[in-house]
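# Fold and contact review
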Amino acid sequence: MEFKNTREFAQLLDSKDTLQSYKQEFIFPQFNNKNVLYFTGNSLGLQPKRTRGFLDEILNDWGNLAVEGHFYADKPWWDYHQRLAAPLAKVVGAQTSEITVMNTLTVNLHLLMVSFYQPTKKRYKIICEEKAFPSDQYMFLSQLRNHGLTPQDALIVLKKRPGENHWRTSDILEKIELHRDELALVLIGGVNYYNGQVFDIKTITKAAKQTGAMVGWDLAHAAGNIPLELHNWEVDFAAWCSYKYMNSGPGNASGVFINQKYHNRKDIARFEGWWGTKKETRFQMKPEFEPMENADAWQISNPAVMTMAPYLASLEMFEEVGMQALNAKSKTLTGYLEFILDDINSENKNQKTLEIITPKDRGCQLSLFVHGKGRELFDYLMNNGVIVDWREPNVIRLAPVPFYNSFEDLYEFGQILKAGI
Ligand SMILES: *Cc1c(COP(=O)(O)O)cnc(C)c1O
């Protein structure tokens, strides 16, 4: 598409946008009595207006029914989490039985490593990406320590080539091949939080599976952002948080994918609790653990229903719109942002101020170096009603989110940015 950096053109794109009405479904912080320009949905998604109703329902049921709410609420609490599985399966390309929702992301990755990282004398190495999200790094180090291993021996860190800002799939495949006999687990962030790169999940998973290793993905920045086919790609396990592109609120419950080939297996290592036992006999309080026949076998505690309700509200919207429509808009939206940034660059010919470091394999996030500019640019943007994310020394991360960002938002952002650099 031929883009133009004008308000009229942005408005034209908005008028053709079939998701345009969804902007009104979200609550925006206000700046000078106007919505802020919000580009940090990769960090915390905005609050859908319908969230409050879902939460009120729980509060009302708790008030009116108290303990009886477990079984007699309109949406009973004891299996509330199961309502999320079907819509979430569509978002990540899974069978409903492969999805459960519980705990929070890092906690779930730890629990999944209990099942899928069982190092032996021969196979004990983990492949991850360099500068993985800090929580993931702490997880790897503490898991290795727990097994009496050291990162020097057991952690293979995928590096970018000097002078490059992204990982090459061919380099990753080479590393997998190099360590094929000792490889126990490949666990990478599906979309890198820093540069916005989308890894080739299908190809990497296939290559790693051929070595006999387990493959998991941290989909914090991928769920609700890019098309996923976890089941068809034969991913072993994955987890994601729900407060980024999934708009379910700060620190909220995490989604988990466990490939169905690991369901109903007696030999699987797992940390267990009463909510992983068969629904039908759970309250007989028997001493034996009889696992649920799906991913719910990994549930430990009774579900934090207060965190499930906003997630269900958000999933209702994903269900209405579908990932296909979101992705289609996302591509055009991010393409338009790229065009606007290039246009601003072309106006000062001698020096490129803005350098996009996100490769073409991307979701909706663009990360950029702002050469010659420091923190004052971030402060300027924030003081002008633009919410972006800043990483020292000079990286801005921008995520136009198809659910609630418009093309005109991007035009306006461009005008403000241009005046500030
Ligand atoms: C956001 C994010 C997390 C956050 O983990 P929590 O346990 O939810 O705090 C973890 N990993 C990645 C890659 C993230 O982007």
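Residues numbered from 1 in each chain as written. Predicted model: local features only at pLDDT ≥ 70, side-chain atom pairs only at ≥ 80, totals over all residues. Heavy atoms only, no water.

The condition is simple: UniProt positions are given in the numbering used here, feature names are shortened, and annotations may be inferred rather than shown by experiment.
As annotated in an unreviewed UniProt entry, the chain is Kynureninase from Galbibacter marinus. According to its UniProt record, the chain has this under Sequence similarities (unreviewed entry): "Belongs to the kynureninase family." Per its UniProt entry, the chain bears the Cofactor (unreviewed entry) comment "pyridoxal 5'-phosphate".

## Observations regarding the site of the ligand
Defined as follows: Note on definitions. A residue lies near a molecule or strand when any single heavy atom of the residue is within 4 Å of it. Nitrogen and oxygen atoms within 3.5 Å of one another constitute a polar contact, given that in protein one can donate a hydrogen and the other can accept it, and given that sequence-neighbouring residues count only through two side-chain atoms. Where accessible areas are quoted, they stem from the Shrake-Rupley method and a 1.4 Å probe; at the residue level, only the protein chains shown are allowed to cover. In this classification, Asp, Glu, Lys and Arg are treated as charged, Ala, Val, Leu, Ile, Met, Phe, Trp, Tyr, Cys and Pro as nonpolar, and every other residue, Gly included, as polar.
Taken together, Leu105, Thr106, Phe133, Asp136, Asp218, Ala220, His221, Tyr243 and Lys244 are the residues near the ligand. In the model, a nitrogen atom of the ligand is placed 2.9 Å from a nitrogen or oxygen of the aspartate 218 side chain. The contact in question runs from an oxygen atom of the ligand to an N or O atom on the side chain of histidine 221, over 3.1 Å. Protein chains bury 84% of the 390 Å² of accessible surface belonging to the ligand in isolation. In terms of residue class, the shell around the ligand is built from four nonpolar, two polar and three charged.

## Digging into helix 5 (residues 105-116)
Applied cut-off: The secondary structure listing takes helices from DSSP runs of H or I that are at least 4 residues long and strands from runs of E that are at least 2 residues long, numbered from the N terminus. A helix is expected to reach a length of 1.5 Å times the quantity of its residues less one. The cut-offs for exposure are 20% and 50% of the maximum accessible area for each residue type, with area from a 1.4 Å probe on protein chains only; residues under the lower value are buried, those over the upper are exposed, and the others partly exposed.
Taking 1.5 Å as the rise per residue, helix 5 with twelve residues should run 16 Å; its terminal C-alpha atoms sit 16 Å apart, in good agreement. Here helix 5 lies mainly inside the structure; nine of its twelve residues are buried.

## Some details on the pairing of strand 14 (residues 366-370)
Our working rule: By this definition, two strands are paired if DSSP reports at least two bridges between them.
The buried fraction of strand 14 is high, at five of five residues. Neither face of strand 14 is open: one carries Leu366, Leu368 and Val370, the other Ser367 and Phe369, and all of them are buried. Direction of pairing for strand 13 (residues 354-356) relative to strand 14: antiparallel, over a ladder of three bridges. Bridge pairing in strand 14 links leucine 354 to valine 370. With four bridges joining them, strand 14 and strand 17 (residues 395-398) adopt antiparallel strand pairing. When the bridges of strand 17 are listed, leucine 368 appears paired with isoleucine 396.

## Some details on the pairing of strand 17
Here strand 17 shows no split at all, with Val395 and Arg397 on one side and Ile396 and Leu398 on the other all buried. Where strand 16 (residues 389-391) and strand 17 come together, three bridges link them in antiparallel fashion. Directly across from arginine 391, in strand 17, lies its bridge partner valine 395. Connecting the antiparallel pair strand 16 and strand 17 is a turn made up of three residues.

## Brief notes about the UniProt feature "modified residue: N6-(pyridoxal phosphate)lysine" (unreviewed entry) in the chain
For the record, the criterion: Residue contacts are defined here by distance: any two heavy atoms, one from each residue, within 4.5 Å place the two residues in contact.
Under the local residue numbering, the UniProt record ascribes the feature "modified residue: N6-(pyridoxal phosphate)lysine" (unreviewed entry) to Lys244. Mapped onto the elements, lysine 244 comes out in the loop between strand 11 (237-240) and strand 12 (254-258). Excluding its chain neighbours within four sequence positions, the residues that come into contact with lysine 244 are Gly41, Asn42, Ser43, Leu44, Gly45, Ala220 and His221.

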